[in-house]
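Structural overview for review
Residue strings, one per chain:
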Amino acid sequence: MITLCGFSVSNYYNKVKLALLEKGIPFTEEYVNTGCQEEAVLSASPLGKVPFIRTERGTLCESQVIVDWLEAEYPTPALLPADAFGRAKQHELITFLDLHLELVARELYGQAFFGGTVSDETQARVKQKLDRHIPALMRLTSFKPYVAGSQFTMADCAAYTNLPLVAMSTKAVYGEDLLQKHGLDWKSYVKLMGERPSVQRVDADRKADTAARVAAAAAKK
């Protein structure tokens, strides 16, 4: 049995969770907060990052490493094309989504979602990058109707969990959704994805986790 460790608000946790659900792989969940320095966590995820998984063969961390292993270990139903070039194109798209889009926008999250402040210099630098990276990403996407074509794929696990965060954070900080500004219709895509049972499960768990965190924070005041 696979144990998925992390928490349901994390987009990278949900990226792995979507893959598990889409593949119908049995798993359990273990709550672990990011940055935990307990030895039981660091032995599985040396930087204390989530998600990571525990398996009968050992542990794995880093979301893309995990979903690639799931695809290799549980090939049916497939989330990647059968041919090597098709798989490489998927990884190309996922790299853009994770590293060139979400990781760039992540610098805004402190102000957008957690009541912090991002310096003007950081805001300008991030916006400059996103104004370049979003059109670049769009050259790799198709949304026909899924992010890479007519079939749900591994890239959708990354796109669904990342695009709303980029849109919401840029709207909160700049007063403008940069995805919409560049013509990326992420809302229609998210609506389509919301029809999938796996996405409904992920969304319900994320909302429940968020509500619990808000209640816990209010109780401490």
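Residues numbered from 1 in each chain as written. Predicted model: local features only at pLDDT ≥ 70, side-chain atom pairs only at ≥ 80, totals over all residues. Heavy atoms only, no water.

Concerning the overall build of the protein
- Scanning the protein for helices and strands turns up 10 helices and 4 strands.
- Secondary structure of the protein in N-to-C order comes out as β-α-β-α-β-β-α-α-α-α-α-α-α-α.
- Relative to the globule expectation of 17 Å for 221 residues, the C-alpha radius of gyration of the protein, 17 Å, shows essentially globular dimensions.
- Taken along the three principal axes of its C-alpha coordinates, the protein extends 50 × 50 × 30 Å. (Helix = DSSP H or I, 4+ residues; strand = E, 2+ residues; numbered from the N terminus. Rg over C-alpha atoms; globule rule 2.2 N^0.38 Å.)

Quick notes on helix H4 (residues 84–105)
- With 22 residues, H4 extends 30 Å from end C-alpha to end C-alpha; this agrees with the ideal 32 Å at 1.5 Å per step.
- Along H4, the largest kink reaches about 25° and is centred on Phe96.
- Turning to H4, its buried residues number three or more, namely Gly86, Gln90, Leu93, Ile94, Leu97, Asp98, Leu101, Glu102, Val104 and Ala105.
- Residues of H4 that are buried in the fold lie against helix H1 (11–23), helix H3 (63–73), helix H5 (109–113), helix H6 (120–138), helix H7 (154–174) and helix H8 (178–181). (Expected span 1.5 Å × (residues − 1). Bend = angle between axes of the 7 residues up to and from the residue. Buried < 20%, exposed > 50% of the residue type's maximum accessible area, 1.4 Å probe, protein only. Contact = heavy atoms within 4.5 Å.)

Quick look at the packing of aromatic side chains
- For the coordinates displayed, the defined rule picks out 6 aromatic pairs.
- Judged by centre distance (6.3 Å) and plane angle (80°), the ring pair of Phe113 and Phe114 falls under edge-to-face.
- Measuring from ring centre to ring centre gives 5.2 Å for Phe143 and Tyr189, while their planes differ by 80°; the resulting arrangement is edge-to-face. Of this pair, Phe143 sits in the loop between H6 and H7 while Tyr189 sits in helix H9 (residues 186–193), and the two are 46 residues apart along the sequence.
- Of the residues examined, Phe143 reaches a relative accessible area of 25% and is grouped as partly exposed.
- Classification of Tyr189 as buried rests on a relative accessible area of 2%. (Phe/Tyr/Trp six-rings, centres within 6.5 Å; stacked < 30°, edge-to-face > 60°.)

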